[in-house]
Every structure is written in C-alpha cells, then in structure tokens.
Amino acid sequence: MAERLDQPLTGRRRSRPRISSERQGEWSEAIARFLGTPRFIVWLTVFCIVWIGWNTLAPDHLRFDSASRGFTALTLMLSLQASYAAPLILLAQNRQADRDRVGAEQDRQRAERNLADTEFLAREMAALRIALSEVATRDFVRSELRNLLEDIHAEREQDEPEPDPAR
C-alpha cells in the first residue's frame with residue numbers, strides 16, 4: 001500500500017526534549033551567580049596556576065602549551081570561558097531588570113492604594129469631626145442643664161410670695 005503524500009507522517013517524528021525558557025533563564029542565572037563568586041575566582045586562579053606550572057615545570061615531553069608562545073591554549077581557554085560567561089551574565093541582568101520592573105510596578109500600585117486609603121481615611125475623619133461638632137457634648141448638656149436649673153430657681157423665687165415681715 002502506497003503512503004499518501006498529502007498527509008504528514010505520524011509517529012516517525014523525533015521530538016527533542018523541550019526545555020522552557022524559564023528553566024534556561026534559571027540555569028543561566030545560576031551560572032552567572034557562580035561566575036561572580038569568590039569561589040569561582042579561586043578555582044580559576046588555581047586552574048591557571050596549575051596550567052602554567054605544569055607547562056613550565058613538567059618535562060618537555062609532557063608539556064602541551066609552551067611558555068615561549070605565551071600559553072596560547074590557556075589564552076584560548078580563558079577566551080572561550082569569557083565568551084560563554086558574557087551572554088549568560090547579560091541574560092541574568094535582563095531577567096533581574098524584568099523582576100525589578102515588575103517589583104517597581106507592584107510598589108507603585110501599592111503606593112497608589114495606600115494613598116487612596118489615606119485620603120479616604122482623612123475624608124472620614126473630617127466627616128466625623130463635622131458630625132461631632134453638631135452633637136451635644138457632655139459639657140454642653142451640663143451647662144444647659146445648669147442654666148435651666150438656675151432659671152427654674154429664679155422663677156420659683158419670683159413666684160413665691162415674699163414672707164410677711166408682720167407675721
């Protein structure tokens with residue numbers, strides 16, 4: 001039976017494992033973080049010292065990078081390391097800048113909400129002050145009652161007949 005040419009083949013395609021860009025970013029950040037640590041600098045220094053020591057102190061037939069040519073292989077190795085490190089560091093910086101941008105946006109939104117809440121509370125406080133100024137306070141009620149009591153005493157004194165001095 002002849003295969004149909006107008007339909008794609010099924011089951012024969014090999015798919016490569018897909019690695020998410022997020023995972024790649026995390027790996028590059030981990031590598032970039034390691035490249036910036038004192039541990040990396042110490043290991044790179046040890047590597048260079050061993051390389052130079054081996055190629056200067058070892059017997060001639062065991063040397064693989066001559067000092068007379070300026071340690072060309074070492075230079076190439078360090079250049080290769082730098083050529084991989086630079087893009088990884090830039091990628092990590094871009095991801096950090098994206099995180100900073102998101103954080104700044106969230107901070108701005110939080111500040112706007114705080115400002116709106118503060119303004120609302122200030123308006124509520126002003127409304128309460130206005131409402132309380134119209135409410136009779138305890139001192140006001142006491143003074144009014146005292147005035148009424150004095151008025152009642154004054155009226156009683158006027159209504160009472162004066163005692164007759166003849167009696």
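Cut-offs and rules
- Residues numbered from 1 in each chain as written.
- Predicted model: local features only at pLDDT ≥ 70, side-chain atom pairs only at ≥ 80, totals over all residues.
- Heavy atoms only, no water.
- Axes fitted to C-alpha atoms, helices over the stretch in contact; angles between N-to-C directions.
- Helix = DSSP H or I, 4+ residues; strand = E, 2+ residues; numbered from the N terminus.
- Parallel < 35°, antiparallel > 145°, perpendicular 65-115°, else oblique.
- Left-handed = near helix turned anticlockwise from the far one by under 90°.
- Contact = heavy atoms within 4.5 Å.
- Nonpolar A, V, L, I, M, F, W, Y, C, P; charged D, E, K, R; others polar.
- Phe/Tyr/Trp six-rings, centres within 6.5 Å; stacked < 30°, edge-to-face > 60°.
- Buried < 20%, exposed > 50% of the residue type's maximum accessible area, 1.4 Å probe, protein only.
- Salt bridge = Lys/Arg side-chain N within 4 Å of Asp/Glu carboxyl O.
- Patch = residues over 30% accessible without salt bridge, like charges linked within 9 Å, V, L, I, M, F, W, Y side chains within 5 Å.
- Areas by Shrake-Rupley, 256 points an atom, 1.4 Å probe, with all protein chains shown as cover.
- Lys, Arg positive; Asp, Glu negative; His and termini not counted.
- Charge placed at Lys NZ, Arg CZ, Asp CG, Glu CD.
- pLDDT = per-residue confidence, 0-100.

J.: If you had to explain the packing of helix H2 (residues 38-57) against helix H3 (residues 72-134) to someone new, which residues and values would you point to?
T.: Interaxial distance between H2 and H3 falls to 11 Å at its minimum, and their mutual angle equals 160 degrees. Comparing the axis directions of H2 and H3 gives the class roughly antiparallel. In the packing of H2 onto H3, the handedness of the crossing is right-handed. Packed against H2, whose contacting residues are Phe40, Leu44, Phe47, Cys48, Trp51 and Ile52, the element H3 presents Ala73, Leu74, Met77, Leu78 and Gln81 at the interface. Residue classes in the contact of H2 with H3 are distributed as 10 nonpolar, 1 polar and no charged.

J.: Residue-level account of the packing of aromatic side chains, with values.
T.: Going through the model one piece at a time under the given rule, you end up with 3 aromatic pairs. Centre to centre, the rings of phenylalanine 34 and phenylalanine 40 are 5.5 Å apart; their planes meet at 75 degrees, and the pair counts as edge-to-face. Using a relative accessible area of 35% as the deciding quantity, one classes phenylalanine 34 as partly exposed. For phenylalanine 40, a relative accessible area of 14% corresponds to the buried category. With a centroid separation of 4.9 Å and 85 degrees between ring planes, the pair formed by tryptophan 51 and phenylalanine 64 is classed as edge-to-face. Within this pair, whereas tryptophan 51 is found in helix H2, its partner phenylalanine 64 is found in the loop between H2 and H3, the two being separated by 13 residues in sequence.

J.: Talk me through the pattern of salt bridges; I want residue IDs and the actual numbers.
T.: Under the criterion given, the structure shown has 9 salt bridges. One salt bridge connects arginine 95 with glutamate 29, and the closest N-O pair in it is separated by 3.0 Å. One end of the pair, arginine 95, is in helix H3; the other, glutamate 29, is in helix H1 (residues 21-35), and 66 residues separate them in sequence. Here arginine 95 and glutamate 29 have matching classes, each one buried. Salt bridges sharing common partners tie together Glu22, Glu29, Arg33, Arg95 and Arg99.

J.: An account of a negative patch on the surface is requested, with residue identities and associated values reported.
T.: Among the surface-exposed residues, Glu150, Asp151, Glu155, Glu157, Asp159 and Glu160 lie close enough to one another that they form a single negatively charged patch. With respect to the secondary-structure elements, aspartate 151 resides in helix H4 (residues 138-159).

J.: Residue-level account of unusual backbone geometry, with values.
T.: Not every positive phi belongs to a glycine, and phenylalanine 71 is a case in point at roughly 50 degrees. Note on placement: phenylalanine 71 falls in the loop between H2 and H3. Overall, the relative accessible area of 14% leaves phenylalanine 71 in the buried class.

J.: Tell me what's going on with the confidence of the model for the chain, and back it up with residues and numbers.
T.: Predicted confidence across the chain gives a mean pLDDT of 87, with 92% of residues reaching 70 or more. At the level of individual helices and strands, the chain shows its lowest average pLDDT in H1, which scores 87, and its highest in H2, which scores 94.

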